[in-house]
Amino acid sequence: MSNVATIPHSAVGEWKQPSKGVVGMACLIIAEASIFIIFIVAYLYYAGKSLSGPTPHEVLELPIFTSICLISSSITVHFAGSALHHGKRNATSLWLALTVLLGGIFLVGTGQEWYQLIYHDGLTISTNLFGTTFYSLVGLHASHVIVGLIMLSLSLIFSLTGQMTSAHSEKLEVLSLYWHFVDAVWIVVFLVVYVFCR
Amino acid sequence: MATQTTAVVDRTVHAPRGRVFDVVKEWLTTVDHKKIGLMYIGYALIFLLIAGVEALMMRIQLAVPNNHFVSPQTFNQLFTMHGTTMVFFAGMPILFGFGNYLVPLMIGARDMAFPRLNAFSFWISAFGGFLLYYSYFGGSGMYGAGSAPDVGWFAYAPLTARVFSPGHSTDYWTLSILVSGVGSIGTALNIVATILCMRCPGMKMNRLPLLAWLYLVTSGLVFVTISPLTAAQIMLMLDRYLGAHFFDTQAGGSAVLWMHFFWIFGHPEVYILVLPAFGFASEIIPVFSRKAIFGYPAMVAATVGIGFISLTVWAHHMFTVGLGAPGNAFFTFSTMVISVPTGIKVFNWLATLWGGKIHFEVPMLFSLGFLFQFVVAGLTGIMLSVSPFDWQLGSSYFVVAHFHYVLVGAIVFMIFAAFYYWYPKMTGRMLDKKLGQWHFWLFLIGFHVTFDLMHIPGLLGMPRRIYTYEADRGWAGLNMAVSIGGAIQGIATLIFVYNLVHSYFKGKEAGADPWDAWTLEWSTASPPPAYNFAETPTVESRRPLWDLKHPNDPDSKYEG
Ligand code: HEM
Ligand SMILES: [Cu+2]
């Protein structure tokens, strides 16, 4: 029980601050980007330094189709966001489903690639430096895709059951920021792993 | 501009005192930033004491030549656990604790931006500390006797490879740091979002208390600093468990790459620890000089400058590896450059004192100690930044003396100052002043006996991390003195702990604003109610309480 003076009250003009969801996601993205940078630096540093085969040139193939799928899912998630913003629930579900599908195709593609590499080319994480850096970098990215897909599928379920309304459009916006980030990282990984160092 | 002063009644409902179980449950499930802040601080204090005991055990071992107080293996574990604990489980959590408690109060917010994330971050960090110490039981595997990690706090490869560190002790080290890193990033994210998005009306960025600015920059550093460490720890785990070769020199991997990754984290980390201490100083020194802080914009600019420059200096920890001439030149230069914004800060604090009406309360005593010691530590830092000088003294006790001068002489001093300054806000009672003065003077004497003298064995060639030494080296007397200083600091710390407990029950009632201070946290009750402010405050200057107390001469008249 105490009496406390408060601060003078005065008319302050319009008081606007950034959205905390967006700021929080931006911080997370900076932190995640730093993790990826370290893995990419390791990849570049060890490129061509393996003491034994197989080399990237022998075994890697350009994953063009799955990459296109992943990149286009950035567009579909954007459409999902604006559909939700305008309160079009069915369109939201449709775009979200498409996003999950495209992301899923990418993941299956990675799975097939790894299967091929492990069982036919005999490349594992302990084979040589290429295997070490390749699986950890691509795997780190894939794990981010998985997290994103789980979140997107949840949104899809909420959208289908009608629990997601235009009041949640900012939340979907924040999620799509994350998804854009995952896609942007893939462009860098693609260039480093499949183009420059192959 | 209608300005009115209202007296507000604390409307907290005081439930009848619950049973122990209710109280425990309340703390375990709380998402209140003040409770989480206090838990962070309490947890950090426990680890501070544990790591302090480890330090004293090392000092007993080194006090006389050819000593056998502990075995060489135990000694290696002691310095590893001491360093790791102090940095990750004492320093970081105590600063996050104060940040959690103070930032929302100082910017007039109801809570942090993400209260549940806040609780998660705390508990996962606490779990990290638990994991580290669990290594004492689980380190050799569930069936073995167990042992703590002994690879040093920077855990250079290939010492961490399976061959050289069998068992699980190194894995506990890795996992504990990984897990607490997740917590650090969560809390840092929360602090940034709180400061950018939760300020009360009128609290523009150029009116933000300097402490909040310092925490903003520290948190920004956490993202780009802790993450590389997390990445490196993941690589180490892959090496140890899946047979990857990141740091395996047999398969073409590089031990030096680990050093780079570690110090890309390690150097900015020391700034993560020191910036909040700067924040405390920037709040405490003006209040006890009875003057507004000198050069607010320069302080902010210097802080941001330090943040950026600290990312470019890491390899000054690696001069002895052999960086080549361009590397040596670059890292010597960048390390020297960082002392420019640091110097700006020191001059601003001095200019704040200049002409002020200085009150020598206990928080101020510690702040003055901080100022002096921080300058000395910066000077030995600049000596070490000269690469040829570092080739002589790298990995000697001179380095140990340098960084303890900062970590203890600056950071720990400011943490003590912060306790004396904000304890009344947190508990509603003042810390005892007499005990505080004993604490200060004993700690000051102990500190200088230990760390001033520690430079000399370093200059005489005593390497760090040795378990014992021969009697004929000429270091024996100095080492004895260093150990005695350590004991004096230990006694001073016990006085402090006693003061914390004693004053909680017997201390003088503090009231809302015992120091006649100027920032928002002093405008609400001590301890503040769960909702912080009965009405959301509105501010018009950097010192809202000054405006309130001097309606005829408010700061807002002078600030641009
Ligand atoms: C002007 C400021 C500073 C300069 C120029 C400076 C310079 C240096 C240099 C060159 C070293 C490497 C010595 C060696 O390993 O051979 C070093 C080590 C160290 N410094 Fe500083 N320093 C400064 C401030 C700080 C601050 C503010 C902190 C802590 C908050 C700090 C903590 C450390 C630590 C922990 C180490 C040694 C880590 C280890 O080897 O275990 N320094 N410093
Ligand atoms: Cu450094």
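Residue positions within a chain follow its written sequence, with the count starting from 1. Following the order in which they are written, the chains are lettered starting with A and the ligands numbered starting with 1. Per-residue local features of the predicted model are confined to residues with pLDDT of at least 70, and side-chain atom pairs are confined, for both listing and counting, to 80 or more; whole-chain, interface and lining totals are unaffected and use all residues. To obtain the side-chain values, all non-hydrogen atoms of the structure were included, while hydrogens and water were left out.

K.L.:
Before we go on, may I ask you to explain the overall build of chain B in this structure?
P.N.:
Every helix listed is a DSSP run of H or I at least four residues long, and every strand listed is a run of E at least two residues long, numbered separately from the N terminus. Broken down by element type, chain B carries 16 helices and 1 strand. Computation of the radius of gyration draws on C-alpha atoms alone. For the globule rule, the value is 2.2 Å times the number of residues to the power 0.38. Computed over C-alpha atoms, the radius of gyration of chain B comes to 24 Å, within 12% of the 24 Å expected from 2.2 N^0.38 for 560 residues, which places it in the range of a compact globule. Its C-alpha atoms give chain B principal-axis dimensions of about 75 × 55 × 45 Å. Whether a residue is buried, partly exposed or exposed follows from its accessible area with a 1.4 Å probe, protein chains only, as a fraction of its type maximum: under 20%, in between, or over 50%, in that order. Every one of the 560 residues in chain B was classed for burial, and the buried ones make up 59%. By definition in these notes, contact holds between two residues if any of their heavy atoms fall within 4.5 Å. A separation of at least 24 residues holds for 80% of the contacts in chain B among residues at least 6 apart in sequence. Roughly 21,300 Å² of accessible area belongs to chain B as shown, and the carbon and sulfur atoms make up 70% of that amount. Within this scheme the basic residues Lys and Arg register as positive and the acidic residues Asp and Glu register as negative, but His and the chain ends are omitted. Each charge is placed at NZ for Lys, CZ for Arg, CG for Asp and CD for Glu. Considering chain B, the positive charge centre built from 31 side chains and the negative charge centre built from 28 side chains are found 5 Å apart. Only the protein chains shown count as cover for residues, and the accessible areas themselves come from Shrake-Rupley with a 1.4 Å probe.

K.L.:
In this structure, what is going on with the overall build of chain A? I would like to understand it.
P.N.:
A tally of helices and strands in chain A yields 6 helices and 1 strand. Each helix and strand of chain A, ordered N terminal to C terminal, gives the series β-α-α-α-α-α-α. For chain A, whose C-alpha radius of gyration is 22 Å, the value lies well above the compact-globule estimate of 16 Å for 198 residues. Taken along the three principal axes of its C-alpha coordinates, chain A extends 75 × 45 × 30 Å. Among the 198 residues that make up chain A, the fraction classed as buried is 47%.

K.L.:
Just checking my understanding: could you explain the coordination of the copper ion (ligand 2) for this structure?
P.N.:
Each pair of donors in an ideal four-coordinate tetrahedral metal site encloses 109.5 degrees, whereas pairs in an ideal six-coordinate octahedral site enclose 90 or 180 degrees. The protein atoms that coordinate the copper ion (ligand 2) are His267 of chain B (ND1), His316 of chain B (NE2) and His317 of chain B (NE2), at distances of 1.8 to 2.1 Å. Metal-coordinating donors are taken as N, O and S atoms lying within 2.8 Å of the metal, or within 3.2 Å when the metal is Na, K or Ca; because water is left out, some sites can appear incomplete. Along the chain, the residues donating to the copper ion (ligand 2) are arranged with the sequence spacing H-x48-H-H.

K.L.:
Got a minute to help me understand the packing of helix α9 (residues 324-337) of chain B against helix α10 (residues 339-353) of chain B in this structure?
P.N.:
Helices that pack against each other are described as a pair by the angle of their axes relative to one another and the distance between those axes. Residues and elements named next belong to chain B. Helix axes are fitted to C-alpha atoms over the stretch in contact, other axes to C-alpha atoms as well, and angles between N-to-C directions run from 0 to 180 degrees. In contact at an axis separation of 5 Å, α9 and α10 are set at 15° when each is read in the N-to-C sense. Classed by the angle they form, the pair α9 and α10 counts as roughly parallel. Note on element contacts: α10 touches α9 through Ser339, Val340 and Pro341, opposite Thr335, Met336 and Val337. Each residue is assigned to one of three groups, with Ala, Val, Leu, Ile, Met, Phe, Trp, Tyr, Cys and Pro labelled nonpolar, Asp, Glu, Lys and Arg labelled charged, and all others, Gly among them, labelled polar. Looking at side-chain class alone, the contact of α9 with α10 contains 4 nonpolar, 2 polar and no charged residues. Oblique is the label for any angle not under 35 degrees, not over 145, and not in the 65 to 115 range, which are roughly parallel, roughly antiparallel and roughly perpendicular in turn.

K.L.:
Is there a simple way to think about the side chain of Thr160 of chain B in this case?
P.N.:
Residue and element names in this part refer to chain B. You can see Thr160 is positioned in the loop between α4 (115-138) and α5 (169-197). When its relative accessible area of 3% is taken as the criterion, Thr160 is described as buried. The contacts of Thr160, once residues within four sequence positions are left out, are Val151, Ala155, Ser165, Thr170, Leu236 and Arg240.

K.L.:
Sorry, what's going on with the UniProt feature "domain: Heme-copper oxidase subunit III family profile" (unreviewed entry) in chain A here?
P.N.:
UniProt positions are given in the numbering used here, feature names are shortened, and annotations may be inferred rather than shown by experiment. The UniProt feature table records "domain: Heme-copper oxidase subunit III family profile" (unreviewed entry) at residues 23-198 of chain A. Between the C-alpha atoms that bound residues 23-198 of chain A there is a distance of 37 Å. The span itself is 81% helix and 0% strand.

K.L.:
How should the site of ligand 1 be read in this particular structure?
P.N.:
All names here are of chain B. Neighbouring residues are identified by heavy atoms, a residue being near a molecule or strand if any of them is within 4 Å of it. Not every one of the 23 residues close to ligand 1 is listed here, only the nearest: Trp153, Asp390, His402, Phe403 and Arg464. The separation between an oxygen atom of ligand 1 and a polar side-chain atom of Trp153 is 2.9 Å. In the environment of ligand 1, a nitrogen atom lies 2.8 Å from a nitrogen or oxygen atom belonging to the side chain of His402. For the shell around ligand 1, the element with the most residues is helix α13 (residues 397-427), which contributes 6 residues. Here the shell around ligand 1 is built from residues that sort into 13 nonpolar, 8 polar and 2 charged. Counted as a polar contact is a pair of N or O atoms within 3.5 Å, where, for protein atoms, one must be capable of donating a hydrogen and the other of accepting one, and residues adjacent in sequence contribute only when both atoms are in side chains.

K.L.:
I keep staring at the coordination of the iron atom of ligand 1 and nothing clicks. Help me out?
P.N.:
All names here are of chain B. No other protein atom reaches the iron atom of ligand 1 as a donor apart from His402 (NE2), found 2.2 Å away. Separation of the iron atom of ligand 1 from the copper ion (ligand 2) amounts to 4.4 Å. Positionally, His402 belongs in helix α13.

K.L.:
So what exactly am I meant to see when it comes to the UniProt feature "transmembrane region" (unreviewed entry) in chain A here?
P.N.:
All names here are of chain A. When the UniProt feature table is mapped onto this chain, "transmembrane region" (unreviewed entry) is found at residues 21-46, 62-81, 93-111, 117-138, 145-165 and 177-197. Here residues 62-81 is 90% helix and 0% strand, with 31 Å between the C-alpha atoms at its ends. Helix and strand shares over residues 93-111 are 100% and 0% respectively, and the end C-alpha atoms of the span are 27 Å apart.

K.L.:
Looking at this structure, how should I read the packing of aromatic side chains?
P.N.:
Here the distance between the centres and the angle between the planes together describe a pair of aromatic rings. All names here are of chain B. In this scheme Phe, Tyr and Trp rings, the latter by its six-membered ring, pair at centre separations within 6.5 Å, and the angle between planes marks the pair as stacked below 30 degrees, edge-to-face above 60, and tilted otherwise. Inspection of every chain in the model, using the stated rule, returns 71 aromatic pairs over all chains. Each ring, one from Phe416 and one from Phe443, has its centre 5.2 Å from the other, and the planes form 80°; the classification is edge-to-face. Separated by 27 residues along the polypeptide, Phe416 in helix α13 and Phe443 in helix α14 (residues 433-459) bring together distant segments of the chain. Aromatic side chains Phe416 and Phe496 sit 4.8 Å apart centroid to centroid with 65° between the ring planes, which places their arrangement in the edge-to-face category. Placement of Phe416 in helix α13 and of Phe496 in helix α15 (residues 476-506) is noted, with a sequence separation of 80 residues between them. An identical accessibility class is assigned to Phe416 and Phe496; each is buried. Whether a charge sits over a ring comes down to the Lys NZ or Arg CZ being within 6 Å of the ring centre and within 35 degrees of the ring normal. Positioned above the aromatic ring of Trp27 is the side chain of Lys35, whose terminal nitrogen or guanidinium carbon lies 5.5 Å from the ring centre. Over the ring of Trp518 we find Arg543, and its NZ or CZ is 4.4 Å from the ring centre.

K.L.:
For this particular structure, what's the right way to read the side chain of Gln61 of chain B?
P.N.:
Residues and elements named next belong to chain B. Assignment of secondary structure puts Gln61 in helix α2 (residues 33-63). Within polar-contact distance, the side chain of Gln61 engages the backbone oxygen of Asn67 at 3.1 Å. Aside from chain neighbours lying at most four places away, what touches Gln61 is Asn67, His68, Phe69, Val70, Phe75, Tyr467 and Thr468.

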